[in-house]
Amino acid sequence: MSSSRPYDEDEESHSLLGGQQTYAQGNRGESILRRREQINEITKEITDVQEIFHDFATLVKEQGVEIDDIESNILDTKEKTEEALKEVVMASDYTRRKRNALCYTFLFFVLVVLGVGLFAWELSDSK
């Protein structure tokens, strides 16, 4: 040792400990940097998950609107089908009444023709 002071064992152990402390501080600094990087990665992953949930919520909302539209269309279809069924029943009833009226009209003309024929036959027999 080329220092002008006499050799002191405590001083040497202090300088050795100082080196260890410097090494420990360096390791601690690296550990802190690694922790920060891990925290940054976790933060990024949390942000990604948050975006996924946001996108999912948007999709659910959009599908909810579409489902509401589908439900509305189904209800409209049900109402229109019930109205159409009423109209078909009315048309069937109208057709039945029309057919009956035609049959009664035909029967009336047949009876009129028979009546006229019988009347004419009676007139021709009485002469």
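Residues numbered from 1 in each chain as written. Predicted model: local features only at pLDDT ≥ 70, side-chain atom pairs only at ≥ 80, totals over all residues. Heavy atoms only, no water.

## Details of the overall build of the protein
Now for step 1: Across its full length, the protein holds one helix and zero strands.
Now for step 2: Burial analysis of the protein (127 residues in total) assigns 0% to the buried set.
Now for step 3: Per element, the accessible surface of the protein, about 12300 Å² overall, is 62% carbon and sulfur. (Helix = DSSP H or I, 4+ residues; strand = E, 2+ residues; numbered from the N terminus. Buried < 20%, exposed > 50% of the residue type's maximum accessible area, 1.4 Å probe, protein only. Areas by Shrake-Rupley, 256 points an atom, 1.4 Å probe, with all protein chains shown as cover.)

## Description of a nonpolar patch on the surface
Now for step 1: The grouping of Tyr-104, Phe-106, Leu-107, Val-110, Leu-111 and Leu-114 at the surface amounts to a nonpolar patch, some 650 Å² of accessible area in total.
Now for step 2: If you trace the backbone, Leu-111 turns up in helix α1 (residues 9-125).
Now for step 3: Taking relative accessible area as the criterion, Leu-111 reaches 52% and is therefore assigned exposed. (Patch = residues over 30% accessible without salt bridge, like charges linked within 9 Å, V, L, I, M, F, W, Y side chains within 5 Å. Salt bridge = Lys/Arg side-chain N within 4 Å of Asp/Glu carboxyl O.)

## Overview of a negative patch on the surface
Now for step 1: Side chains of Glu-62, Glu-66, Asp-68, Asp-69 and Glu-71 sit close together on the surface and give a patch of like negative charge.
Now for step 2: Mapped onto the elements of the fold, Glu-66 is located in helix α1.
Now for step 3: Overall, the relative accessible area of 47% leaves Glu-66 in the partly exposed class. (Lys, Arg positive; Asp, Glu negative; His and termini not counted. Charge placed at Lys NZ, Arg CZ, Asp CG, Glu CD.)

## Some points on the pattern of salt bridges
Now for step 1: Counted by the stated rule, this structure contains four salt bridges.
Now for step 2: Note that Lys-44 and Asp-48 form a salt bridge whose closest N and O atoms lie 3.6 Å from each other. Here the residue Lys-44 and the residue Asp-48 both occupy positions in helix α1, the gap between them amounting to four residues, near one helical turn.
Now for step 3: For Lys-44, a relative accessible area of 55% puts it in the exposed group.
Now for step 4: By relative accessible area, which is 32% here, Asp-48 ends up partly exposed.
Now for step 5: Across the pair Arg-97 and Asp-93 runs a salt bridge, and its minimum N-O distance is 3.3 Å. Residue Arg-97 and its partner Asp-93 are both found in helix α1; the two are separated by four residues, about one turn of the helix.
Now for step 6: Accessibility expressed as a relative area gives 47% for Arg-97, which makes it partly exposed.
Now for step 7: The network of salt bridges with common partners includes Asp-93, Arg-96 and Arg-97.

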